[in-house]
Structure formats: structure tokens, C-alpha cells
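Structural overview for review
These are the residues of each chain, in order.
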Amino acid sequence: MMDESIRNILAEHGNLPLDVAKIRDEDDLYQAGLTSHASVNVMLALEDEFGVEFPETMLCKSTFESVAAIRVALSALTGP
Amino acid sequence: MSTRTAIRVGTDVVAVHQVADSVARFGTRYLQRIYTEHELGSCEGSPAIRAASLAARFAAKEATIKVLRPVGHQPDWRSVEVRRHSAGFCTMALSGHAAELADQAGIADLAVSLTHEGDVAAAVVVALCDSGADAVERSGAPLVPVHCGGAE
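Here's what I pulled together on the structure shown here. On a predicted model such as this, the values are computed, not experimentally measured, just so you know.

Considering the overall build of chain A
For chain A, the count of helices and strands is three helices and zero strands. When its helices and strands are written in sequence order, chain A yields α-α-α. Taken against the 2.2 N^0.38 rule, which gives 12 Å for 80 residues, the C-alpha radius of gyration of chain A at 11 Å falls within 12% of a compact globule. Overall size of chain A, expressed as C-alpha extent along the three principal axes, is 30 × 25 × 20 Å. For chain A, with 80 residues in total, the buried portion stands at 29%. Contacts spanning at least 24 positions in sequence make up 64% of the contacts within chain A whose residues lie at least 6 apart.

Given below as C-alpha cells:
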């Protein structure tokens, strides 16, 4: 469920030049074309979707570098 | 301790329509998360002009972060501010974690240039800093002149 939402948000806000469905969990999203500005949109959309707010300490490229990394970050914010 | 000065250069380009889309989609939350009050006050005008000005400022922020070379978390976007002066030129003002990174790198001065045309906004940031972190291996060989074309 969480992965599906992450992928939907990446498809809508990531401006990626490829089919998000073909991205593997560990693939580097920046290598795939995610820009800094697009990552802001992804972050804000994730906050809307999951009702969280990314603190400054999580605002690093590694937080949004892959589907798996985003899932880990969201899990830390939403709790068990 | 070396007394040499090193130069760092950062650059970034942003699509203006993507900033316009972000403003339309996320509104105040996007604006207040990324831009300072001063920056928002500097970007008044029609929606198209405003989006271009905001996009240029985002590019300047990202170019500055490239110059700061953060390891780990990045500075808050608002801690990297484009200050517009009454004469029309802009400078960068750093605070918080961004200022700490600049201190660590011995950055003594930052210069910025912003531009936008059509759907493209861009910025270049140049920093003067201590050479310690930027030291490159020197072979001692003499520099070889490189000719790049054009009349001599």
C-alpha cells in the first residue's frame, strides 16, 4: 500500500522521463532523472498523502534517492 | 595552514513551468517551505514573472548548496537566501546550517548571477574559500596553454 502510494506520487510529481512501474525499489531516482526541485514536490505530496512533515534533518538527497529509501523515511515518520 | 584561496562554482537550471505548477499545486506550503519573506517580496508581478523569478531563486539556492557541498542533511532551503538590492543586483545570505557549512569551508565571499528566459531559469554561484578542502594534487609540470579557437 505504501509502495503503491510512493510510486503514484513519483509518477505524478517526479517528472521522471521513464515509467515509474519499471523502477526497482533500490534504483537511484536521481540517476533516473529526479531533480532537486521535483524532489521538493515529491516531498510535499508525500506529506499530504501520509500526514507527516519531513524535518530538516531528513532533507538530504539520500532520503529520496530510491523507493526503498523513501519507504524507510516514511516508516520513521509514521511509526510502527 | 595554506594561505591559498580556492574557487568553488555551482550552477543549476530550473524549468519555470515546474515552479508555476508547484505554486498551483501546493500554494503557500510550497512557497513558505522554500522561500524567505524577502524572496517572496522580491518576486511580485504577474504569475508568469513571479514563477520565473522564483525559479531563478531556486536555481541560486541549489547552486549555492552545490558550492557548500553538504555531507548528510542539506541546509533548510530558507537558510540560503537570495537578497535583491535596490540597484537590481542580488547577493546570497546564509544562515543556520548553510552558514555553518560556509564557515567550515572557509568561504569568505559568495557571488551570484541569476537569469531567466522563456521556460528556463538558471543561476551561477562562485565562492572564494580556503584551499584546504579543495587541494588538488599538483604534478609540478608547467601549465600547457590550451587554444580554444578564435583569432589570436
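Observations concerning the interface of chain A and chain B
One widely used convention gives an interface's size as the accessible area the parts lose upon coming together. Each partner contributes residues to the interface: chain A has eleven residues there, and chain B has 13 residues. Its residues placed into classes, the side of chain A that touches chain B shows five nonpolar, five polar and one charged.

Section: the nonpolar core
Residue and element names in this part refer to chain B. If you look at the biggest cluster of nonpolar residues, it comprises 51 residues, and the most contacted ones within it are A55, A59, A60, V112 and V125. The leading source of residues in this core is helix α3 (residues 47-68), at twelve residues. When residues no more than four places from it in sequence are discounted, the contact partners of A59 are D12, V13, V14, A121, A122 and A123.

Observations concerning helix α1 (residues 2-13) of chain A
With twelve residues, α1 of chain A should reach 16 Å at 1.5 Å per residue; the first-to-last C-alpha distance of 16 Å fits that figure. For α1 of chain A, the secondary structure elements touched by its buried residues are α2 (36-50) and α3 (67-78) of chain A.

Re unusual backbone geometry
Despite not being glycine, N15 of chain A shows a phi value in the positive range, around 50°. The class for N15 of chain A is partly exposed, based on 18 C-beta atoms found within 10 Å. With phi around 50°, R69 of chain B is a residue other than glycine that occupies positive phi space. Among the structural elements, R69 of chain B can be located in the loop between α3 and β2 (80-84).

Rules behind the numbers
Residues numbered from 1 in each chain as written. Chains lettered and ligands numbered in written order. Predicted model: local features only at pLDDT ≥ 70, side-chain atom pairs only at ≥ 80, totals over all residues. Helix = DSSP H or I, 4+ residues; strand = E, 2+ residues; numbered from the N terminus. Rg over C-alpha atoms; globule rule 2.2 N^0.38 Å. Buried ≥ 20, exposed ≤ 12 C-beta atoms within 10 Å, placed from the backbone. Contact = placed C-beta atoms within 7 Å. Nonpolar A, V, L, I, M, F, W, Y, C, P; charged D, E, K, R; others polar. Core = buried A, V, L, I, M, F, W, Y, C linked by C-beta atoms within 7 Å. Expected span 1.5 Å × (residues − 1).

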